[in-house]
Amino acid sequence: MSIAFTLARRELRGGVRGLWIVVLCLALGVGAIAAVGSLRSAVEAGLASDGRALLGGDLEVDTGSETVPADLLAWLAEHDARVSEVAQMRSMLAVIDPEGQVAGRPSGQRSGQRQLIELKAVDSAWPLVSETARGDAHGGPIGDATGGLGIDPPMTLQAAFADHGILIDRLILDRLGLAIGDRVRIGSATFRVAGVLTREPDRIATGAAFGPRVLMAMDDLAATGLLMPGAMVRHAVRLTAPAAPTMARQLAERFPSRGWRIRDPRDAAPGVTRFIDQIALFLTLVGLTSLLVGGIGVANGVRAWLDARARTIAILRCLGASAGLVFAVCLIQVMALASLGIMAGVGLGGLLPVVAGRLLSGLLPVAPVFGFYPAPLVLAAAFGVLIALSFALWPLARAARIPGGALFRDALIPEGTRPSWPLALANLALVAALIGLTVLAAGDRRFALYFCAAALLTLILFRAGGWLVMLVARLAAGLGSPAMRLGIANLHRPGAPTPLLLLSAGLGLSTLAAVALIQGNMGVQIADQLPAKAPSFFFIDIQNEQVAAFQRIVEAQPGPVEVRDVPSLRARVVALKGVPVEQARVSPDSAWALRGDRGLTYAAAEPEGARIVSGAWWPAGYDGKPLVSLDATLAKGWGVGVGDVVRVNVLGRDLDLTIANVREIDWRSLGINFFMVASPGILSRAPHTHIATVKLPEDQEAALLRAVTDALPNVTGIRVRDVLGAVADILNQVAMALSVTGGVTLLAGSLVLVGAVAAGQRRRIREAVILKTLGATRRQIRAAWLTEFGILGLVAGLIAAAVGSAASFGVMHYILHTYWIFLPRTLICTITGALAIMLVFGYTTVSAALRAPPAPLLRNE
Amino acid sequence: MDLTPHALSAPLVRVRGLSLTVPSAAGPVDILRGIDLDIDKGQAVGLVGPSGSGKTSLLMVLAGLERASAGTVMLDGQMVTGLTEDALARLRRTHIGIVFQAFHLIPTMTALENVAVPLELASIRDAAAKARAALDSVGLSHRLTHLPGQLSGGEQQRVALARAVAAEPALLLADEPTGNLDHATGAQVIELLFSLRARIGATLLLITHDRDLAARCDRQVHMSDGRLTDADLASSEAGTCGASPGARHGPVVS
């Protein structure tokens, strides 16, 4: 073996010009994966270190729509816990003028506008826990006497809440043209805007997804009249206690089957953690794609390098080197260079988040804790090693088969050479290891597996595309002008780089096309193409006795109005088939419905737009034991079916619902859809509210909102447009992250393409010189090559468009559970982009080749 | 292209005061120093001289593959020096055939494709049929679909020969065509070269180290240090070249 190292070292001394592409490709791919992993670790560390502050205590007991019960508070007092109660709900904020009337002034922005708000009521103990002393994600000052709370102008919470004061998000101030000291109405109570809430320590644990935050004193909440039975409110109590770590278990034992959700600081922001997990998975896979593209670069680089080294290898073989020794020497050299690339990538990936994190600090939900996180770096390096080996082994194995006698022949590496069986098997094992690592390292393994399958399929597709192009080119011989014929023939000649160039250009393009199509689809669905059937408003918390009044107000609106209302209860699923949900094994994509309060409705008749896939709807007038109709996707994810029992907790009471049928729901309509629809009967007698959707012309939306909230102050109107806008904002950030990583893939693809074209350039220059000698004009040579590159670009673009469409369909349909739209413009951009890229490459190549003077090449050697 | 009335009677190749100087790290190097040379239509000229004397450079300049520093080259009464690169390429297509020592076949093209390329570039009809005929004339009709790498050295040179004569050029330039071949194979190639030249009536400039081979030409020209030393060294055995076939070709027209 030492002789292999000696020979390898001796040759490496002579330079490794051909292998620079290997170093660059690996550095880029490994760097991307390492950077994503490091940033994720930094964010997770941020979540962990601030967990207490983010949660607002050592423990949180979320009692859902049930007010924190006295027995719980008593038990906590017994256990020396400091407690703080919090309630959250959505509501409307309306501006009122000094006379106490809701402002209806026509001028300015205040003209009777309503703002959907995320209301949070806190007691005087809040916030129980202050932030750790390291600043927050938004660059604010270090934790201070106010416990990480930021109020502008500075004041204590007590002072702010005095005289029915509230703190509001600056957004409300700007949007409604309010000033400090102005009076506003929430529900049926009037409040004074005491100041702007600039920082809220437990904001991410109590998300404010749909509207800006309003903070009020718990004592003032009752006066709003919003706490009606069945209102969509969430109560929670946070606590700090010396015995907190063991209290979660004690609580569960002391208060069984209450349907509460108990969280500790590790689980402070499950939504954020989930979101970060998913984004990290997406980005890692995009990074992996660029590494895969880099793998093609590795294979190309090694192959070109070996072609140039073939003479040396043949000489070594003539001098008695075994095939094994030649293989070892080459492998050592390639892996030495690969290690260099991988190390560079790891270094880059480790450092990049520190720089990027500072720039992105406003976009990240928590302040990342930057540091050295070995795990993601090791993982990225492992991916790098596996990719390098998987892609280098095949060309290396061919090199080992170069016989000494090849020295005396023209073509040194015969085309049809196949590696030996053991090496082919080793290569297979490496690919399997790569897939294994990808799947094991991913949070969502099924998705990762799909990704691997898609990546393999894409590689096969491009290889098949290469074959097809060569076949068609062979059949099309003799078509077109002499120059075109030459170009077409170039595509299928022995040793033609057709498959190589297709793959090099296509893989990066496919990723980019997929990313662009996913972005485009998100954009179209959210912003541009609101379904025609989609309602304008959701009105929530309409009390039973308010339904008639609500109907009257809506119908009094001029113009066509569609209104639909259904009863709504808040329920949380506590057990499936008798197994508590904490212990139930459910699929990751169905787990969301088991977290927290969910909507539940009841209906006598089957809802419109649903399709029953198993079981049957209950008969009209049914009033027997409670039945439920369940969404098909959830039923599958939960592993339940017709006849099984789902136990739900409604307002603190457990209720067993037997599944009567499973139905498919068309969520696209954006209408009212409940995944659980119960039979009437017992539920209709429970306290509940109504949800209504109203569809009316856009110019009447403001008037309707005003009319409803004036007459029914406790009712909250949510404009669908605003919600979709908020969702669009989040998705745009995701899309930006995808674009950046997609850009890395394109960069890797371009590098690979440059490498692939450069590898063939010597041959091309020689060919150009001979053609010129035979009387070809520069124009003819240029036309020939542009024909060749143009066809390659067109085919690469077409395949990339197809792969991108399929991948984006997969993501939209299976991951985001939404529909996919054909976006011809994006596809045309992909195809013309591919064509343009290839033509630029072709033009550059041919120009360089045409500049080469013929005489030196033609002289006798 | 300019076609002068004396073209028919003038020599096919007329070189006057031709110099080639190339820059190098050690200063400019004079490769050709004021060459004057006339080659009549149908004549076979053997160009001999030691290595580095400038033979190949002269051939390159004649073929328009290298630009002269000074002096003029006329082909069939037409000024070659000063033509654009593409005009030179068009001129080569139909009027000049070149055979190299290293064959210079395109390795990824079959024998037939290699021969057909210049014909196709010149948009000559039936390029493939003509190429097939040319390969047949060098005895390679059974090797049409072989790649250069699958042919022996002699066969490759025969393909190159077929390629050079396929368009029936007025001027054949051959640079040590047997240099890479063994004696017997070389002799075969030379026989073919001379017989094909005779058949198409081309003028030949043959670079060779081999005095005997040069002696088979109508005329021998000796070159040394970038100069023609004893030009017009008439060959006594001119007859073996096959009688000069006479001016079958019309004037050089682009």
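The model shown is predicted, which means the values in this text are computed figures rather than measured ones.

How each quantity is defined
Residues numbered from 1 in each chain as written. Chains lettered and ligands numbered in written order. Predicted model: local features only at pLDDT ≥ 70, side-chain atom pairs only at ≥ 80, totals over all residues. Pairing = 2+ DSSP bridges. Helix = DSSP H or I, 4+ residues; strand = E, 2+ residues; numbered from the N terminus. Core = buried A, V, L, I, M, F, W, Y, C linked by C-beta atoms within 7 Å. Buried ≥ 20, exposed ≤ 12 C-beta atoms within 10 Å, placed from the backbone. Domains from an automatic or database assignment. Contact = placed C-beta atoms within 7 Å. pLDDT = per-residue confidence, 0-100. Expected span 1.5 Å × (residues − 1). Arc of directions from axis to C-beta.

The strand order across the open sheet formed by 4 strands is β2-β1-β4-β5 (chain B), and the pairing between neighbours is antiparallel. Every interior strand has two partners, whereas the edge strands, β2 (29-39) and β5 (78-79) of chain B, have only one.

With 281 residues, the main nonpolar core has Val22, Val30 and Leu396 of chain A together with Leu161 of chain B as its most contacted residues. The element best represented in this core is helix α9 (residues 270-318) of chain A, accounting for 20 residues. Domain assignment of the residues forming this core places at least three in each of domain 1 (1-50 + 293-443) and domain 2 (54-267) of chain A. Among residues more than four places away in sequence, those in contact with Leu396 of chain A are Val302, Phe327, Cys330, Leu331 and Val334 of chain A. In this structure, Val648, Leu655, Leu657 and Leu683 of chain A belong to the second largest nonpolar core, which totals 30 residues.

It is worth spelling out the confidence of the model for chain B at this point. Residue and element names in this part refer to chain B. When pLDDT is averaged along chain B, the result is 84; 87% of the residues meet or exceed 70. Mean pLDDT across the elements of chain B bottoms out in strand β11 (residues 233-234) (46) and peaks in strand β8 (residues 203-207) (95). This model gives residues 1-8 a pLDDT under 50, and the stretch forms 14 contacts once residues within four places in sequence are excluded. Every residue in residues 233-254 scores below 50 in pLDDT, and together they form 50 contacts with partners more than four places removed in sequence or on other chains. Confidence metrics for the complex model read pTM 0.72 and ipTM 0.78.

Residues and elements named next belong to chain A. The terminal C-alpha atoms of helix α12 (residues 421-441) lie 30 Å apart, and with 21 residues this matches the ideal 30 Å at 1.5 Å per residue to within 8%. Along α12, the residues that are buried comprise Leu434, Thr438 and Ala441. One side of α12 carries all its buried residues, which in axial view fall inside an arc of 90 degrees. Opposite the buried face of α12, by more than 90 degrees, sit the exposed residues Trp421, Pro422, Leu425, Leu428, Ala429, Ala432, Gly436 and Leu440. Elements in contact with the buried residues of α12: α9, α11 (374-400) and α13 (445-475).

On to the interface of chain B and chain A. Each partner contributes to the interface: chain B provides 31 residues, whereas chain A provides 27 residues. When residues of the side of chain B that touches chain A are traced back to their parent elements, those giving at least two are α1 (55-63), α2 (85-95) and α3 (111-121) of chain B.

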